[in-house]
Structure formats: structure tokens, C-alpha cells
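The residues making up each chain are set out below.
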Amino acid sequence: MRAYDVILKKRMGRELAKDEIEFLIDGYMSGDVPDYQMAALAMAVFFQGMTARETSDLTMAIVRSGDQVDLSAIAGKKVDKHSTGGVGDKTTLVLGPLVAAAGVPVAKMSGRGLGHTGGTIDKLESIPGFNTSLDMGSFTDSVNRLKIAIGGQTGNLAPADKKLYALRDVTATVDSIPLIASSVMSKKIAAGADAIVLDVKTGSGAFMKTLEDSTGLARAMVDIGTLVGRRTVALITDMDQPLGRTVGNALEVREAIECLMGHGPEDLENLCIALGSQMVCLAEKAGSPEEAAEMLRGLLRAGKGLEKFRELIENQGGNPECTRDPGILPAAEETVDITAPSNGYVTGIDAEMVGVAAMTLGAGRETKESTIDLAVGINLEKKTGNPVKKGDTIAILHINDRDRAVRAGEMVLKAYSFGPEPPETRKLVMGTITSEGVKII
Ligand code: URA
């Protein structure tokens, strides 16, 4: 077999066979297929696409390039949740403990933030003492005892994805649905879950800006899961403005605690219930998402999620008192108010711009090597649809560096748009994609 012929076949729009895909991925990892041939293949896929079968074969070839986590020592059905990346997305901190309180084992391997999106591991590290580097033994033992553990990724998962992603990043081939779908799903499958719930974001702060593209991506990922025997459900959810009211690590932990106490922002609570219900159903602890939602709301009201979060923190060496006294969490030295320039309504908040503003304050990484400041971030006092008067505080910056604050403040103001009328409300959950089909709500 020659790489040239496989590239040509894809360039002509023909379907590649499993062994041809494996030949390219294996050759790419061994060095027999050079970057320039892999780049040509990525571009051919960008223009010609891939069938569901090709995409799942590509996914599994990427999975086999590295380690695969074995979660078989954990009792029960392990359901993972993955978000395609958002701003202010602290759902794992809320729904992880809540779903665990419903008896579903949550064996969560999370990542760090990059660019305008945050990462669960950074957020958890703002809890004093919290250890995110668990070895596999204590990770599985914790899930068996408490039903939950959250750690950073261990092992060498999907190394072909790392190499391929870096190549796509410099060859204008990132935004291809089969390449994104195989990239995301290869990491989820290698992480060992039995079933997967995907939160595919759509809107200004999302990777996919339109409902059509988000649905296409969700469908491609659900097809992969189905073809490789991992039940997968995707929800299309709104990321046209940041989720909840906070962006920044310690601020987001504080908001997650408030949510688990039962007084979090409505959008955050509703999203956690929607995604959590799908997890509970896939774990076969409820017969329908409606029944699961009722169960989770009951647990939330009874404080069981907060109790579980406290157990999780204590088990991983953190100070559980932060759930009673958030003053223990890192706090910035100063705050700066951003005010409304006119009367009217907030008609939109560009989520990506708010994410970049938070990164500018130091809450996120510009490059993988950047260090972050866990205390800084942004509180969104006004959200889309809220009425405002000129001079009202619309956002509060939590800052440790005034020069950065000036730049971030300008961005936050620019992220807000105002108008004389309230905008049309957007649905939080816009669609559900299962192996049976697409339901746009
Ligand atoms: N996130 C991923 O993990 N992979 C992609 O290709 C794009 C976004």
C-alpha cells in the first residue's frame, strides 16, 4: 500500500477502507508517513468528508495509537460527559456530585483550560489542597467507595490525535466535522467509559457557531459511539453567552457550590439537570430523562449533591470547609465595576470575547505553558435580556494586575450589546441526538 494512493482515493471522494486508514495512522506514528502526506490527507478529508464508517475506523485507529484506560475494576456502568468547550462552563463540578449521589459511578478524567475556554482541573485546583493527580489504584478505589473521583488524564491517551491536531492547527484543517468528531471521541473512548453524554455547544462562544454545524458534529460523534458499541447521546446547548454568572477558576467553584446549595443561576442548574439526566439514563438508573430529572432535582433539594461534593473534596485532600465558607477560596486583590453606557436591554454577550477577557486577566492560558491566576475572573451581573440603566454595573472584574484589567475591561464592554427592546430568548437545550435520530426542540 502507498500513502499516495490512499490520499488520491480520498481526494477523488471515494470511501477509504479500514486497513487504508490504519495504514496511514500507524505510518504517521512510526514516521513512515511524513507530515506533508498527512496534511494532504487532512485537506482531502476537509473537502470530501468521511462516511460514518470511515470516521469510526479513523477514531479507533487513533485510540489504538496509545493507552486505553481499563475501568473494569469499577462496579456499574461508567458514563462520561464531555463538553465541546464553553465559557463559564462549570457543569462537571455540579452534575458530577449530583449524578454520583444518584448512584452512578463518575470516573472523570478532565483537562486543563486553553485559550478562551476553561478546564475542570484548573477549577478544582483552586480548592486548597485538592489533588488532581491520582494514580489509577486510588482513582478506581475512590469511585468504588464514593461513586466519584475527578483527576487529570493519566497515561498516553490517543497520541495520534495530539500529533494530528497540531498538524491540523497549522494547515487550516481543524474545522472538519469527521476530524473533530474522531479527535473528541478517540479521547473519550480511550478513557474507558461504557457510555458517553456529549454537550455540544452552539453560539458565539462555541467551536461550532451555528445550530446546523453543531448538529452535524453531534451526529457524527453519536454515530461513532454507536458503531463502536459505546452508547452515546448528545445535547445541543446554547453557548451564545457565558454559562451562569462567573468566568474564572475560584469564582466558578464558588458558583458551583451555590448551585449545589440550590441557589445557583437558572441556566447552570437546568443544564446540569438536562445533561445529568442523560447520564443517569445511560447508566440505567432511570427509565426516562424525565424520571431522571425528577430524581436529580430531588437530590439537589435534599442537599445530597453538596454532601457528595464535600466527600469528593475531602477524599482528594482538599479542604471541604470551602463548601461552607467560600472565603477559603483564593480571592483577587481588587474589583473593578464595568457599567452600562446607555439605558435599554442587554441584547447579547459575546461569550468568546468574555473568555478572552478572563484569559487576559490571567484566568486562562494563552499557550499550554502559561501559568494561570486562580483568583481572577469576571462576574456577569447582567445577562442577555436583562434591563439596564446607564451607569448600572453590568460586570465586575476580579483583578490582581491593573494593566491587564484595563485591556480586559475594554473587551468585556465590547462583548456586551445593548438595544431598546429585549432580544428573543434562546433555548438552553436546542436538540437531542441519539442513535435513533435528531430531535431539534
Ligand atoms: N477539540 C478536540 O478535542 N479536537 C478537535 O479536533 C477540535 C476540538
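Since the model is a prediction, treat every value here as computed from it, not as a measurement.

## Considerations on the sheet that holds strand E5 (residues 231–238)
Strand order in the open sheet formed by five strands is E1-E4-E5-E13-E14, and the pairing between neighbours is mixed. Single-partner strands in this sheet number two, and they are strand E1 (79–83) and strand E14 (437–440). When the angles between neighbouring strand axes are averaged without regard to direction, this sheet yields 15 degrees. Sheet topology places E5 next to strand E13 (residues 429–434); four bridges connect them, and they run antiparallel. Residue Ile236 lies in a different strand from E13, and its bridge partner there is Gly431. Across the face of the sheet, helix H12 (residues 266–282) comes into contact with E1, strand E4 (195–202), E5 and E13 while running at roughly 155 degrees to E4.

## So, the site of the ligand
The environment of the ligand is made up of Tyr165, Arg168, Ile180, Ser183, Val184, Lys187 and Phe207. Residue Arg168 places a side-chain N or O atom 2.9 Å away from an oxygen atom belonging to the ligand. Within the side chain of Ser183, an N or O atom sits 2.6 Å from a nitrogen atom of the ligand. About the coverage of the ligand: the protein hides 83% of its 240 Å² of free accessible area. Of the pockets mapped on this structure, the ligand occupies the largest pocket.

## Describing the nonpolar core
One finds Ile127 and Ile378 to be the most contacted residues of the largest nonpolar core, which totals 79 residues. Ranked by residue count, the leading element in this core is H12, at nine residues. Apart from the residues within four sequence positions on either side, Ile127 is in contact with Val253, Phe309, Ile313, Gly318, Asn319, Cys322 and Leu329. In this structure, Leu71, Met109, Ala181 and Ile236 belong to the second largest nonpolar core, which totals 33 residues.

## As for unusual backbone geometry
With a phi close to 75 degrees, Lys147 is a non-glycine residue in the positive phi region. Take Lys147: its relative accessible area is 26%, and that puts it in the partly exposed class.

## A word on the domain arrangement of the protein chain
The domains assigned to the protein chain are domain 1 (3–49), domain 2 (79–324 + 429–440) and domain 3 (330–419). Using only C-alpha atoms to locate each centre, domain 1 and domain 3 end up separated by 44 Å.

## Details of the packing of helix H1 (residues 3–11) against helix H3 (residues 35–48)
Packing of H1 against H3 brings their axes to within 8 Å, and their N-to-C directions diverge by 15 degrees. The angle between the axes of H1 and H3 places the two elements in the roughly parallel class. For the crossing formed where H1 meets H3, the hand is left-handed. Residue-level contacts link Ala3, Tyr4, Ile7, Lys10 and Arg11 of H1 to Gln37, Ala40, Leu41, Ala44, Val45 and Gln48 of H3. Classifying every residue of the contact of H1 with H3 by side-chain character gives seven nonpolar, two polar and two charged.

## Let's talk about the environment of Arg230
Position of Arg230 relative to the elements: it lies in the loop between helix H10 (211–227) and E5. On the accessibility criterion, Arg230 (19% relative accessible area) is buried. Residues Arg230 and Asp194, 36 residues apart in the sequence, show an inter-C-alpha distance of 5.6 Å. What Arg230 contacts, discounting residues up to four positions off in sequence, is Ile189, Gly192, Ala193, Asp194, Ile196 and Gly225. In this structure the side chain of Arg230 is engaged in a polar contact, spanning 2.8 Å, whose partner is the backbone oxygen of Ala193.

## Side note on the pattern of salt bridges
Scanning the entire structure with this criterion turns up 30 salt bridges. The salt bridge involving Arg2 is made with Asp5; its shortest N-O contact spans 3.1 Å. Judged by relative accessible area, which is 37%, Asp5 ranks as partly exposed. Between Lys383 and Asp267 there is a salt bridge, and its shortest N-O distance comes to 3.2 Å.

## A short note on the sheet that holds strand E7 (residues 334–339)
The four strands lie next to each other as E6-E9-E11-E7, forming an open sheet whose pairing is antiparallel. The sheet is open, and its two borders are formed by strand E6 (246–247) and E7, each paired with just one other strand. Pairing analysis gives two bridges linking E6 to strand E9 (residues 377–380), with the strands arranged antiparallel. Bridging across to E9, Val247 finds its partner in Ile378. Contacts from helix H15 (residues 351–361) reach E6, E9 and strand E11 (393–399), with the element oriented near 140 degrees to E9.

Quick notes on the rules
- Residues numbered from 1 in each chain as written.
- Predicted model: local features only at pLDDT ≥ 70, side-chain atom pairs only at ≥ 80, totals over all residues.
- Heavy atoms only, no water.
- Pairing = 2+ DSSP bridges.
- Helix = DSSP H or I, 4+ residues; strand = E, 2+ residues; numbered from the N terminus.
- Axes fitted to C-alpha atoms, helices over the stretch in contact; angles between N-to-C directions.
- Contact = heavy atoms within 4.5 Å.
- Near = heavy atom within 4 Å.
- Polar contact = N/O pair within 3.5 Å; in protein donor to acceptor, adjacent residues only side chain to side chain.
- Areas by Shrake-Rupley, 256 points an atom, 1.4 Å probe, with all protein chains shown as cover.
- 1 Å grid on protein atoms, 1.4 Å probe; cavity = no way out; pocket = protein on both sides within 12 Å on 5 of 7 lines; lining within 4 Å.
- Sits in = over half its atoms within 2 Å of the grid points.
- Core = buried A, V, L, I, M, F, W, Y, C linked by side-chain atoms within 4.5 Å.
- Buried < 20%, exposed > 50% of the residue type's maximum accessible area, 1.4 Å probe, protein only.
- Domains from an automatic or database assignment.
- Parallel < 35°, antiparallel > 145°, perpendicular 65-115°, else oblique.
- Left-handed = near helix turned anticlockwise from the far one by under 90°.
- Nonpolar A, V, L, I, M, F, W, Y, C, P; charged D, E, K, R; others polar.
- Salt bridge = Lys/Arg side-chain N within 4 Å of Asp/Glu carboxyl O.

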